[in-house]
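Results of the structural survey
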Amino acid sequence: MSLDEVGQLRAADPDAPDTPDTPVRTPGTWAALRPLLLRLHFYAGVLIAPLLLVAATTGLLYAGSWQAEKILYADQLTVDRVGASAQPLSAQVAAAVNAAPQGTVSAVWPAPEADATTRVIMESPGLAEGETLTVFVDPYTAEVRGKLTTVGDALPLRAWLSEFHASLHLGEFGRNYSELAASWLWVVALGGLALWIGRKRARKAGRAALVLPDRKATGRRKTLSWHGSVGVWIVLGLVGLSATGLTWSRYAGENIGELKDGLGGGTPAVAAKLPGAPAADAGGEHAGHGAAGGDQAAAPAPSAPADAIGIDGAVAAARSAGVTESLRITLPAQGKGYVVKEQDKQVPVHLDAVSVDPADGRVMDVLRFADHPLLAQLTRFGIDLHMGLTFGLVNQLALAVLAVLVMAMVVWGYRMWWLRRPTKDRTLSVGRAQPRGAWRKLPVTVLLPLAAATALVGWFVPLLGISLLVFLAADVALGFAASRRRAGAGAGV
């Protein structure tokens, strides 16, 4: 084998042994595309991996918060003794109002299990935007079990961890970190999968080699074996987390929402407008991130309609319409009636909703989850899987394992980067990227569609596009500086 042939082979597979027995493969599209993908994977791994590590760590904490709040807030969430029958909801609400007279009741969540408390949600002076005061009432005795400041259905611990995961408590600016991590996660995951499959195919390895680490490998090859095989195990989970995370992101989320609406996949809302009331925008139900975990309760306006049936009558009307599981009742607001929704998001889900006229108990509208557009249903399932709701504890454990494996993938990636540093000057040197100029080797029939697709994705996912342009600008600047140094060294000689 000539030196040129060895060079071509190593360009296609840098880890291939330099022996005459190694067959020479004819360069094709993949041989030209692989160096470009390697360089992208390298830069994304080195520069974006810290954000992924932070997102995985905070996500691990959030996944455990569901069980932690059951322990930490057991006094508020559960009753001492299950009684024979529950007090009317109106009596439970009255007890909550007596305990927090400064609040205005906006919604009520009847106890979903026999040993659970009823939550009375209030708008209260002095709370931050999005926060509500929740009073927990024993449904059997109407005894108030406690009061907590909540965000949606999240109690203080989970609300804090949710915001920590989403923005590191840095406000709107902090949300850029999580959106940047979600924007690159699917690129890193799918790019790594393609590289790993291409490597194994080039070596004619069996299917088991794709998903099982090589126990005989040592050094960098051992680390690469674990990094690649574990990546195959979790790639679907990573892509799913990326896609669902982007749905509630600031910039890409807005584009996703517009696309969904354009395709007729927006989430519908039950019609609650009272006869003769002025038209108003009913709004949608696109869920926010985990702290809310569902619909935000709207505070009733001062001029709410006359209520002849009361909350107990509204619940009775909803149950007669088949809305029975884990209810949330939003009280009548100006020009609107009661809205009673199911909130059981575990499989099988119960997410139907009705609106009830407070004057006579008439069911004005019924919205079944089965009638939601398919895209809206998929969005709901995806978000709830991301939050650990769909399969309860099993879902939360799966998210925790996935977070730990993401952290391991990042550590393995940095270890490979370090092990590839030059053997000389080991103290300061670090691993090198794939050489520049790989894109020039791509056929035009591949380069043009790839450039168009990259531009489209970069526009649709803005932080991905902007950061990619930053990478390219930095790469060009580094290449220019390196060429100047070489030119100066040559002139000196």
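Higher on the page you've got the structure.
This one's a predicted model, so the numbers in the text were calculated from it and none came from an experiment. (Residues numbered from 1 in each chain as written. Predicted model: local features only at pLDDT ≥ 70, side-chain atom pairs only at ≥ 80, totals over all residues. Heavy atoms only, no water.)

What about the overall build of the chain?
So the rule is basically this: The numbering of helices and of strands both runs from the N terminus, where a helix is a DSSP run of H or I of at least 4 residues and a strand a run of E of at least 2. For the exposure calls, accessible area comes from a 1.4 Å probe over protein chains only, and a residue counts as buried if that area is under 20% of its type's maximum, exposed if over 50%, partly exposed in between. Here a residue-residue contact requires only that any non-hydrogen atoms of the pair lie within 4.5 Å. Each accessible area value is a Shrake-Rupley result obtained with a 1.4 Å probe; residue values ignore everything except the protein chains displayed when judging cover.
For the chain, the helix and strand inventory stands at 14 helices and 8 strands. The 493 residues of the chain split such that 43% are buried. Contacts in the chain between residues far apart in sequence, at least 24 positions, make up 63% of those at least 6 positions apart. Accessible surface, the chain as shown: approximately 25,200 Å² in total, 63% of it carbon and sulfur.

What to know about the sheet that holds strand 5 (residues 327-330)
Put simply, the rule is: Here, a strand pair is defined by DSSP locating no fewer than two bridges between the strands. Orientation is described by lines fitted to C-alpha atoms, with helices fitted over the stretch in contact, and by angles between N-to-C directions that extend from 0 to 180 degrees.
On the basis of which strands lie adjacent, the open sheet formed by 8 strands has the order 4-3-2-1-5-6-7-8 and antiparallel pairing. Pairing within the sheet leaves two strands with one partner each, and these edge strands are strand 4 (144-150) and strand 8 (363-367). Each neighbouring strand pair of the sheet contributes to a mean axis angle of 20 degrees, computed without reference to strand direction. One ladder, built from 4 bridges, connects strand 5 with strand 6 (residues 338-342); its direction is antiparallel. Bridge pairing links Leu-327 to Glu-342 in strand 6. Against the sheet, helix 10 (residues 310-320) touches strand 1 (104-109), strand 5, strand 6, strand 7 (353-356) and strand 8, its axis set at about 50 degrees to strand 6.

Comments concerning the nonpolar core
This is how the line gets drawn: To form a nonpolar core, buried Ala, Val, Leu, Ile, Met, Phe, Trp, Tyr and Cys residues must be joined to one another through side-chain atoms within 4.5 Å.
If you look at the biggest cluster of nonpolar residues, it comprises 35 residues, and the most contacted ones within it are Ile-48, Leu-52, Trp-184, Leu-238 and Leu-246. Top element by residues in this core is helix 6 (residues 171-202). It accounts for 9 residues. With sequence-adjacent residues up to four places away left out, Trp-184 is seen in contact with Leu-40, Ala-44, Ile-48, Leu-464, Ser-467, Leu-468 and Phe-471. Ala-96, Val-120, Ala-317 and Tyr-338 belong to the second-largest nonpolar core, a separate cluster that totals 25 residues.

Considering the pattern of salt bridges
For the record, the criterion: Salt-bridge detection follows one rule: a side-chain nitrogen of Lys or Arg within 4 Å of a carboxyl oxygen of Asp or Glu.
Scanning the model with the defined rule gives 8 salt bridges in all. A salt bridge links Glu-69 to Arg-158; its shortest N-O distance comes to 3.2 Å. Of the two residues, Glu-69 is situated in helix 2 (residues 29-72) and Arg-158 in helix 5 (residues 156-167); the sequence distance between them amounts to 89 residues. You can call Arg-158 buried: its relative accessible area is 1%. Salt-bridge contacts for Asp-384 lead to Arg-380; the nearest nitrogen and oxygen are separated by 2.8 Å. Placement of the pair is Asp-384 and Arg-380 together in helix 11 (residues 374-387), with a separation of 4 residues, close to one helical turn. There is no split in this pair, since Asp-384 and Arg-380 are both buried. Taken together, the salt bridges that share partners define one network made up of Glu-69, Asp-153, Arg-158 and Arg-328.

Quick notes on the environment of Asp-384
Overall, the relative accessible area of 2% leaves Asp-384 in the buried class. Residues Asp-384 and Asn-395, spaced 11 residues apart in sequence, show a C-alpha to C-alpha distance of 9.5 Å. Leaving out residues up to four positions away in the same chain, Asp-384 has contacts with Lys-345, Leu-389, Thr-390 and Asn-395.

Things to note about the packing of aromatic side chains
Formally: Aromatic rings from Phe, Tyr and Trp, with only the six-membered ring used for Trp, were paired whenever their centres fell within 6.5 Å, and each pair was classed as stacked if the ring planes differed by under 30 degrees, edge-to-face if by over 60, and tilted otherwise. Cation placement over rings: the criterion is NZ of Lys or CZ of Arg within 6 Å of the ring centroid and within 35° of the ring normal.
The full count for this structure, using the stated rule, is 9 aromatic pairs. A cation over an aromatic ring shows up here: Arg-158 above the ring of Trp-66, its NZ or CZ 3.7 Å from the ring centre. Stacked on the ring of Trp-109, the Lys or Arg Arg-328 has its end atom at 4.2 Å from the ring centre.

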